[in-house]
Structure formats: structure tokens, C-alpha cells
Amino acid sequence: MGKVYPEIGGRLREFIEAQPVFFVASAPSGPDGHVNVSPKGMRGTFLVIDPLTVAWLDYHGSGAETLAHLRENGRVTVMFCAFTGPPKIVRLHGRGLTTPLTDPGFPALLAASRTRDPHAVRSVVTVAVDRVSDSCGYAVPLMDYRGERDLLIEWGSRRTDEDLAAYRSRKNAASIDGLPVF
């Protein structure tokens, strides 16, 4: 049976910080547009800042749906699933804010992470959590974690800051629905 919690603490925080992958859901305002769900990973890129605030490092990607949706309306849900051990799903609902690497507050947010290579990070997403809940994960399969993929880090390391800026303007300027990202 699912439960709603007043904050992220104790065992919930331990569970969240132990997960190697999480999922982010967002959507544009109104009845039109595409709902988006994005997998995120790489240990050290998700942070529980305090009992009602979380953040993650947002690396360059093939799209920027979450960032565009957050800019438009801020609504976001972050979900963690146990793929090993007892079945469990944790959802964090809230309002997100994107801090792009060009923002003066970006370095301080980045410094709080434990990432090994911040070069290809395009923003930090911070979420003010207003609902914390868990539910059973009875239908979530058991899977073995084999390790991190370093392809995104390798991809970013082969690009200069100028290359990444050009990539953002070419590939990450707008969502698939035409919403601006930054």
C-alpha cells in the first residue's frame, strides 16, 4: 500500500541516493503537446539538498523537453524504482527550476554534485518537492546493475565549450512542440 510522506528523510533518502537510474516526467501546459518521460543516470548527478529540495545535473542530450516544460510551467515528477532488493517505487512531485551553465548561480550548484566530469553539463535542475510518496513495485522486474555507461562523458569530452554551445543552439533550443528551452 502506498504512503505519502511529509518529506524526504531517513530510509527514503537512502533509497533515492542508492538508485543508479531515475525517471523525470513533465508536460507542457494545456491539452496539446507531448508528455515527456526521460531516463537519467550516472551516480553523483542526483542530490537530495534538503528534505523538500532535490537537484540533478542535466547533461547535453538529443532533446530538451524537460527543460522547456520547466521553463513553461515548472511541473515535474521524479520517479525511482527498485530493480534489486525489496520492490519499491518513490515519486517526488514538485516545481522545477532550470539553472543553465550561463547563469551566475550555476557554479555553486555544480559544486554540490559528485560528478567526475562536469564539462558536458548544460544546466542544473532544482525541484521544490511538494509531494513525496511511495508505492509497491511488485510489477517492476528484478535486474542486475552492471555499471555506468560513460558514453555521454566521452561524447562531451571530445567537444569544446564552443562546440557544446553550438549543439545547444542547434539541437536544444526548443522542445519538439516548439517551446523555447532557455
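Up top is the structure.
Scope of this entry: the structure provided in the associated data block. Predicted, not measured: the structure shown is a model, and the values here were computed from it.

## Quick notes on the overall build of the chain
Helices and strands together make up the secondary structure of the chain, namely five helices and eight strands. If you list the helices and strands of the chain from N to C, you get β-α-β-β-β-β-α-β-β-α-β-α-α. For the chain, the C-alpha radius of gyration of 16 Å lies close to 16 Å, the compact-globule estimate for 182 residues. The principal-axis extents of the C-alpha atoms in the chain amount to approximately 50 × 40 × 30 Å. The buried share of the chain, reckoned over its 182 residues, is 43%. For the chain, the computed accessible surface area is about 9,900 Å², with 56% contributed by carbon and sulfur atoms. For the chain, the distance from the average site of its 21 positive side-chain charges to the average site of its 20 negative ones is 4 Å.

## Brief notes about unusual backbone geometry
Outside of glycine, negative phi angles account for most residues, and trans bonds account for most peptide bonds. Here Met42, not a glycine, exhibits a phi torsion of approximately 75°, which is positive. For Met42, the position within the fold is in the loop between strand 3 (36–41) and strand 4 (46–50).

## Brief notes about the nonpolar core
Residues Ile8, Ile16, Phe46, Val54, Trp56, Phe80 and Leu92 are the most contacted members of the largest nonpolar core, which totals 26 residues. If you list the elements that add at least two residues to this core, you get helix 1 (10–18), strand 2 (21–26), strand 4, strand 5 (53–59), helix 2 (65–72), strand 6 (75–81), strand 7 (89–100) and strand 8 (121–135). The biggest single contributor to this core is strand 8, with four residues.

Rules behind the numbers
Residues numbered from 1 in each chain as written. Predicted model: local features only at pLDDT ≥ 70, side-chain atom pairs only at ≥ 80, totals over all residues. Heavy atoms only, no water. Helix = DSSP H or I, 4+ residues; strand = E, 2+ residues; numbered from the N terminus. Rg over C-alpha atoms; globule rule 2.2 N^0.38 Å. Buried < 20%, exposed > 50% of the residue type's maximum accessible area, 1.4 Å probe, protein only. Areas by Shrake-Rupley, 256 points an atom, 1.4 Å probe, with all protein chains shown as cover. Lys, Arg positive; Asp, Glu negative; His and termini not counted. Charge placed at Lys NZ, Arg CZ, Asp CG, Glu CD. Core = buried A, V, L, I, M, F, W, Y, C linked by side-chain atoms within 4.5 Å.

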